[in-house]
Amino acid sequence: MAKVYIYLENGTYLQADSFGAETTSVGEIVFNTSLTGYQEITSDPSYAGQFVTFTMPEIGNVGVNEEDMESKGAFAKGIIVRNYQERHSNFRATDSLDNFLKEQGVMGICNIDTRFLTKMIRREGAMMMIASTSISDKDELKTELEKAPRIEDINYIEEVSTKIVYKHLHGTYDSTNFKYQDAPKAKAKIVAIDFGVKRNILNELTQAGMDVEVIPNTFDADALISRISSKEIDGVFLSNGPGDPLVLKKEQEGIKKLIAAKVPMFGICLGHQLLSISHGYDTFKLKFGHHGGNHPVKNEKTGMVEITAQNHNYNVPDTITEIADVTHTNLFDNTIEGLNYKSGHVFSVQHHPEASPGPKESAYIFGEFLSLMNK
């Protein structure tokens, strides 16, 4: 393994080993507490511009395969693990994580104290960092990091969103028969605006009984309103995605038009945040964000606690309760996790109800979108 040299904006300088691509990358460091699903996390477009520190120490042991991809590739700047397992062993594996990262041009960092990194991020917050297999000098790394744009200044949606319109044609993955389920008969037709959508979100929308057409982030709001008016489609879904939602000015203007036209809408993660901003309530950045597959969320309608998957650095403000009812609350920090707007045609959640590879306790939310459109 080649050596990799790391410099964080708080002045921390570290040396570790690398796997995957040998390169120099700048991004924001965060940590993820999931125990499984490293391939799903690595291929989640919402991690564009970030280094993901895994708190699970053993990574790479089950290899990778096409079925577990959440997008067309890996968009993270890199992944940081305690121990990388070069020899993978799983009957579904078709390649190693190392080879996959090499193909994607993504850096892997290992043999480093991820517990130290996680505690530092928790204490000081998410921060920018640079990692390089070719630059070892601390001062040179610092200079390169200071010259690079910050994650909140970059529109990563342009990189991760689809460039073409397409139909999503299958349902969720059947882990018993190891194949995707055929799409059930559609009870509604929707357009999903792709800001970096995860494949399993599309799977769940289809499985819940929706005919799903995916379109780029450069959507025409007037055209969508016309299609709603002519009953060609029944609703619009706003997907997850990377980066700071406040920089997405064109997308906000389009969503404002959809809100004014009373288009039935459902948003997840970034979509949830964009709906808040488009209603006039700007988001704020959390200290180190929520990233993991084990976050407890209270369903305010039922009183039940759901274990959820999460991946976001930004949150909607408490003042939004002036125009929306809170449907879900994060029990770690009491931040808002779900909203039902009082206008009656829009709702959203911050967590990921598709939760690939799990948990599945919030999957019912996709059915609620279908019920909203049927009303």
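Overview of the structure. (Residues numbered from 1 in each chain as written. Predicted model: local features only at pLDDT ≥ 70, side-chain atom pairs only at ≥ 80, totals over all residues. Heavy atoms only, no water.)

With that settled, the discussion passes to the overall build of the chain. The helix and strand inventory of the chain stands at ten helices and 21 strands. Over its C-alpha atoms the chain spans a radius of gyration of 20 Å, differing by no more than 12% from the 21 Å that the globule rule assigns to 375 residues. For the chain, with 375 residues in total, the buried portion stands at 58%. Sequence separation of 24 or more characterises 72% of the internal contacts of the chain that already satisfy a separation of 6 or more. On the chain, roughly 15500 Å² of surface is accessible, and the fraction owed to carbon and sulfur atoms is 48%. (Helix = DSSP H or I, 4+ residues; strand = E, 2+ residues; numbered from the N terminus. Rg over C-alpha atoms; globule rule 2.2 N^0.38 Å. Buried < 20%, exposed > 50% of the residue type's maximum accessible area, 1.4 Å probe, protein only. Contact = heavy atoms within 4.5 Å. Areas by Shrake-Rupley, 256 points an atom, 1.4 Å probe, with all protein chains shown as cover.)

The strand order around the closed barrel formed by seven strands is β1-β2-β8-β6-β4-β3-β9, and the pairing between neighbours is mixed. The mean angle between the axes of side-by-side strands here comes to 35°, regardless of whether they run parallel or antiparallel. Looking at chain direction, strand β6 (residues 78–80) and strand β8 (residues 107–110) are connected through three bridges and run parallel. Across the sheet, residue I79 finds its bridge partner in β8, namely G108. Of the strands in this sheet, β2 (13–20), β6 and β8 touch helix α2 (residues 97–104), which is tilted by about 95° from β2. Docked against the sheet, helix α3 (residues 114–124) engages β1 (3–8), β2, β3 (24–32), β4 (50–54), β6 and β9 (127–132), running at close to 80° with respect to β3. (Pairing = 2+ DSSP bridges. Axes fitted to C-alpha atoms, helices over the stretch in contact; angles between N-to-C directions.)

Here the focus is the sheet that holds strand β19 (residues 324–330). With respect to topology, ten strands assemble into an open sheet ordered β10-β14-β13-β15-β16-β21-β20-β19-β17-β18, the strand pairing being mixed. The strands lining the two open edges of the sheet, one partner per strand, are β10 (166–168) and β18 (305–315). Strand-to-strand twist across the sheet, computed as the mean angle between neighbouring axes with direction ignored, equals 25°. Across the face of the sheet, helix α10 (residues 364–374) comes into contact with β13 (188–193), β14 (210–215), β15 (235–238), β16 (265–268), β17 (284–299), β18, β19 and β21 (346–349) while running at roughly 160° to β16.

So, about the environment of R82. For R82, the position within the fold is in the loop between β6 and β7 (83–84). The residues touching R82, leaving out its near neighbours within four places in the chain, are P57, C110, N111, I112, D113 and T114.

A word on unusual backbone geometry. Looking along the chain, the bond that leaves S356 and enters P357 is cis, with omega of 15°. Mapped onto the elements, P357 comes out in the loop between β21 and α10. Cis geometry is found at the peptide bond from G358 to P359, where omega equals 0°. Here P359 lies in the loop between β21 and α10. Phi is positive for K231, close to 60°, though the residue is something other than glycine. Phi is positive for A355, which is not a glycine, with a value near 45°. Secondary-structure assignment places A355 in the loop between β21 and α10.

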